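The lines below spell out each chain.
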Amino acid sequence: MSLEIDVPYLDISDPSFSMHSEAVRNAREQHWYAKTNYGFAILRHEYVSILLKDTRLIQGSGKWPDHNGVHTGLFHDWWTTCLLVLEGDDHHRIRRMLNPAFSFRHIESYVPRCESLAVELVDAIIEKGEFEFVNDFAEPYATRVLCILTGIPESEWSTIARISSSIGLALGITIKNDLAEIEAALAELYGYAESLIADRQANPRDDLVTRLVDANRDGDSLSDDELRNALCLLIFGGMDTTRNQLGLGMQTMMRNPDQWELLAKHPELARNAVEEVMRSNPTTTWVTREAMVDFDWEDLHAPAGSTVHFFTQVSGNDPEAYPNPGIDITAERAPHYGFGGGMHHCLGHFVARMDMAIALRTLSQRMTNIRLNGQDEWMPDSGNTGPVRLPLAFDTR
Amino acid sequence: MHVYVDRAKCDNHGQCTFSAPTVFRLDDTGVLQFDENPDDSLRADVDEAADVCPMQAIMVND
Ligand code: HEM
Ligand code: HEM
Ligand code: SF4
């Protein structure tokens with residue numbers, strides 16, 4: 001006897017598809033996963049928490065360039081050997097040597113510099129009573145934090161931002177047409193990374209790149225190429241994500257002005273406010289995996305090669321895991337998966353948690369009654385999302 | 001040395017297993033298992049595991 005289970009279906013490539021839709025909430029209520037036109041979607045927190053860490057589901061985007069006709073060249077070679085797409089021992093070896101430099105202890109030492117950066121950016125606009133959040137705050141902030149972290153001069157931040165958005169073209173389906181621009185940008189970023197590495201090899205300092213240069217475990221260390229590839233990945237992987245997540249944080253706070261006022265009065269809640277924002281309104285609305293083998297879990301049968309999406313925004317608002325899903329920056333919650341999970345868990349999460357807490361805290365100390373001040377513009381709310389343009393007005397406090 | 005993991009904090013990401021694979025491992029169901037009293041010669045690796053744990057769930061005492 002076979003038990004028929006009615007599995008919901010979601011068309012995730014429909015331009016009107018939204019993570020915030022009734023259809024998605026209904027699907028989550030109906031069943032723990034949905035079928036989509038692009039593999040499966042895991043919807044409930046309980047299942048995301050377990051399956052996201054299952055090593056039979058691999059990161060899978062390593063084949064992206066090849067799938068799109070890019071089989072050789074600088075970008076192909078970088079992408080197919082970078083930490084994000086490595087699996088098993090190859091991944092663990094590199095991850096192990098990078099992890100200590102990103103530990104809580106080391107990252108906390110960047111707090112004072114991030115604080116003065118946040119104050120500098122707020123000072124520049126506070127008299128005006130209005131600003132465009134992405135251009136005037138989130139982008140320079142996210143980019144300059146990465147400059148501070150890696151030792152690239154902060155004055156070069158706009159070059160780094162441009163390089164990163166050019167490399168970002170590689171994640172679009174027009175990758176092949178854009179290849180010349182992508183490779184030129186990556187070559188430029190390699191130049192920055194190589195000169196940083198050479199400099200710290202000759203003149204060690206108490207900083208992140210020196211720690212990576214010195215990283216040595218059981219007689220093994222990173223080669224110059226591995227080091228360069230890793231530096232480029234963290235610049236690329238840490239910038240747009242932080243910028244977008246900050247914009248989503250403002251959106252959440254503008255919808256919950258009582259929480260903004262609470263944060264202004266209690267700046268010590270800033271770290272928890274970041275968790276609450278990332279739970280309810282993550283930039284990475286889904287994390288993608290590929291079944292390495294035929295994968296069975298309860299009534300889910302995912303043949304080898306099929307795609308499994310973890311809907312982190314949907315699981316972060318699952319009433320089963322979060323009985324009072326409204327925004328409460330004082331709440332202690334089950335963990336969210338806005339930084340992914342398992343062996344590919346975000347390497348830079350202590351950086352992002354620290355710098356976003358400082359940003360929200362600093363903004364809330366100086367601004368109140370924040371409101372939209374013109375036309376805002378957003379990326380689609382699936383995949384990686386965030387504001388493109390967010391013009392705001394505020395009162396000073 | 002004594003190792004303690006706060007199960008309320010640990011989310012079974014397994015990053016600790018990279019640092020000290022003979023002390024920490026994920027079992028077949030993906031749940032962290034660990035040696036509570038590893039040899040002192042492993043101290044540096046165990047300290048590293050505690051340092052890099054994304055949930056800061058590991059404590060190490062003499
Ligand atoms: C709010 C900001 C950020 C968000 C939302 C975010 C999110 C994520 C997510 C979801 C993953 C897992 C991807 C997957 O499993 O497919 C990831 C991986 C990664 N992130 Fe972040 N990230 C952020 C900031 C950063 C920063 C600041 C850095 C670097 C300083 C960074 C570096 C990385 C790297 C290198 C990986 C790959 C790790 C691996 O494969 O082992 N991220 N991030
Ligand atoms: C660390 C460097 C990262 C690289 C190199 C990278 C690479 C890629 C690539 C090649 C794709 C297209 C292939 C596919 O759809 O599977 C992709 C898609 C995606 N990546 Fe990443 N990723 C990185 C980090 C992240 C991070 C940190 C996040 C989350 C914050 C993220 C979220 C996504 C999402 C959501 C998609 C699907 C986008 C869509 O189709 O709309 N990636 N990524
Ligand atoms: S790294 Fe931390 S959260 Fe992950 S399994 Fe080890 S103790 Fe648990």
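Note that the coordinates shown come from a computational prediction; the quantities given were computed from them, not determined experimentally.

A. Local environment of the overall build of chain A. The helix and strand tally for chain A stands at 16 helices and 15 strands. Overall size of chain A, expressed as C-alpha extent along the three principal axes, is 70 × 55 × 40 Å. Within chain A, counting contacts between residues at least 6 apart in sequence, those at least 24 apart form 73% of the total.

B. Main features of the packing of aromatic side chains. Residues and elements named next belong to chain A. Under the criterion given, the structure shown has 16 aromatic pairs over all chains. Judged by centre distance (6.0 Å) and plane angle (65°), the ring pair of Phe75 and Trp78 falls under edge-to-face. In this pair, Phe75 and Trp78 both sit in helix H4 (residues 74-79), three residues apart, roughly one turn of the helix. Residue Phe75 is classed as buried on the basis of its relative accessible area of 0%. Put simply, the rings of Phe131, Phe133, Phe137, Tyr141 and Phe394 pair up and form one aromatic cluster.

C. Main features of the sheet that holds strand E15 (residues 391-396) of chain A. All names here are of chain A. One open sheet holds the three strands; their spatial order is E5-E15-E12, and the pairing between them is antiparallel. Either end of the sheet is taken by a strand with one partner, and the two such strands are strand E5 (130-132) and strand E12 (367-372). The mean inter-strand angle of the sheet, taken between neighbouring strand axes irrespective of direction, is 30°. The pairing of E5 with E15 spans three bridges and is antiparallel. If you follow Glu130 over to E15, its bridge partner there is Ala393. Helix H12 (residues 224-255) rests against E12 and E15 of the sheet, and its axis sits at about 100° to E12. Helix H16 (residues 349-366) rests against E12 and E15 of the sheet, and its axis sits at about 100° to E12.

D. Summary view of the pattern of salt bridges. Tallied over the full model, the rule gives 31 salt bridges over all chains. Here Asp220 of chain A ties to Arg93 of chain A by a salt bridge, and the two come within 2.6 Å at their closest N and O atoms. Residue Asp220 of chain A is located in strand E7 (residues 220-221), and its partner Arg93 of chain A is located in helix H5 (residues 88-98); the two are separated by 127 residues in the primary sequence. The class for Asp220 of chain A is partly exposed, based on a relative accessible area of 26%. The closest approach of N and O atoms between Arg205 of chain A and Asp199 of chain A, which form a salt bridge, is 4.0 Å. The partly exposed category is assigned to Asp199 of chain A, whose relative accessible area is 28%. Here the salt bridges share partners, and the residues they tie into one network are Arg96 and Arg217 of chain A together with Asp45 and Glu48 of chain B.

E. Examining helix H14 (residues 270-280) of chain A more closely. Residue and element names in this part refer to chain A. For H14, the buried fraction is high: eight of the eleven residues fall into the buried class. Listed in full, the buried residues belonging to H14 are Ala270, Ala273, Val274, Glu276, Val277, Met278, Arg279 and Ser280. For H14, the elements touching its buried residues are H12, helix H13 (257-265), helix H15 (312-315) and H16.

F. Looking closely at the sheet that holds strand E2 (residues 33-36) of chain A. Residue and element names in this part refer to chain A. Spatially, the six strands line up as an open sheet ordered E1-E2-E3-E11-E8-E4, and their pairing is mixed. One side of each edge strand has no neighbouring strand; the edge strands of this open sheet are strand E1 (9-10) and strand E4 (57-58). As paired strands, E1 and E2 are joined by two bridges and run parallel to one another. Bridge pairing links Leu10 to Thr36 in E2.

G. Molecular detail of the side chain of Thr368 of chain A. Residues and elements named next belong to chain A. Relative to the elements of secondary structure, Thr368 occurs in strand E12. Among the polar contacts listed, one links the side chain of Thr368 to the side chain of Glu261, at a separation of 2.8 Å. Thr368 has contacts with Trp260, Glu261, Phe394, Asp395 and Arg397, leaving out every residue within four places of it along the chain.

H. Region of interest: the pairing of E15 of chain A. In this structure, E12 of chain A lies alongside E15 of chain A, joined through four bridges in antiparallel fashion. From the neighbouring strand, Thr368 of chain A faces E15 of chain A, where its bridge partner is Asp395 of chain A.

I. Geometry of the site of ligand 1. All names here are of chain A. The environment of ligand 1 is formed by 30 residues, the closest being His91, Arg95, Arg289, His344 and Cys346. Between ligand 1 and Arg95 there is a distance of 2.8 Å, counted from an oxygen atom to a side-chain nitrogen or oxygen. Between an oxygen atom of ligand 1 and a side-chain N or O atom of His344, the distance comes to 2.7 Å. Partitioning the shell around ligand 1 into residue classes produces 15 nonpolar, 13 polar and two charged.

J. Looking closely at the side chain of Asn317 of chain A. Residues and elements named next belong to chain A. Mapped onto the elements, Asn317 comes out in the loop between H15 and H16. Here the side chain of Asn317 touches Gln313 through a polar contact of 2.8 Å, landing on its backbone oxygen. What Asn317 contacts, discounting residues up to four positions off in sequence, is Arg28, Arg279, Ser280 and Tyr322.

K. Layout of the site of ligand 3. As a structural note, the neighbourhood of ligand 3 is formed by Cys10, Asp11, Asn12, His13, Gly14, Gln15, Cys16, Leu32, Cys53, Pro54, Met55 and Ile58 of chain B. Classifying every residue of the shell around ligand 3 gives seven nonpolar, four polar and one charged.

L. Summary view of the interface of chain B and chain A. Opposite the 14 residues of chain B that make contact, chain A presents 23 residues. Of the roughly 1,400 Å² buried at the junction of chain B and chain A (both faces included), carbon and sulfur atoms supply 51%. On the chain B side of the interface with chain A, the three residues burying the most area are His13, Phe18 and Asp51 of chain B, jointly 39% of the side's total. Summed over the shared surface of chain B and chain A, the number is five salt bridges. For Asp45 of chain B, the salt bridge goes to Arg96 of chain A, with nearest N and O atoms at 3.2 Å. Counting across the chain B and chain A interface gives 13 residue pairs in polar contact (both at pLDDT 80 or more). Those elements that provide at least two residues to the side of chain B that touches chain A are helix H1 (15-19) and helix H2 (43-52) of chain B. Considering every element that reaches the side of chain B that touches chain A, the biggest residue donor is H2 of chain B, with four residues.

Each value, and the rule that gives it
Residues numbered from 1 in each chain as written. Chains lettered and ligands numbered in written order. Predicted model: local features only at pLDDT ≥ 70, side-chain atom pairs only at ≥ 80, totals over all residues. Heavy atoms only, no water. Helix = DSSP H or I, 4+ residues; strand = E, 2+ residues; numbered from the N terminus. Contact = heavy atoms within 4.5 Å. Phe/Tyr/Trp six-rings, centres within 6.5 Å; stacked < 30°, edge-to-face > 60°. Buried < 20%, exposed > 50% of the residue type's maximum accessible area, 1.4 Å probe, protein only. Pairing = 2+ DSSP bridges. Axes fitted to C-alpha atoms, helices over the stretch in contact; angles between N-to-C directions. Salt bridge = Lys/Arg side-chain N within 4 Å of Asp/Glu carboxyl O. Polar contact = N/O pair within 3.5 Å; in protein donor to acceptor, adjacent residues only side chain to side chain. Near = heavy atom within 4 Å. Nonpolar A, V, L, I, M, F, W, Y, C, P; charged D, E, K, R; others polar. Buried area = accessible area lost by both parts, 1.4 Å probe.

Everything listed here is a matter of coordinates, which is why it stays silent on function.
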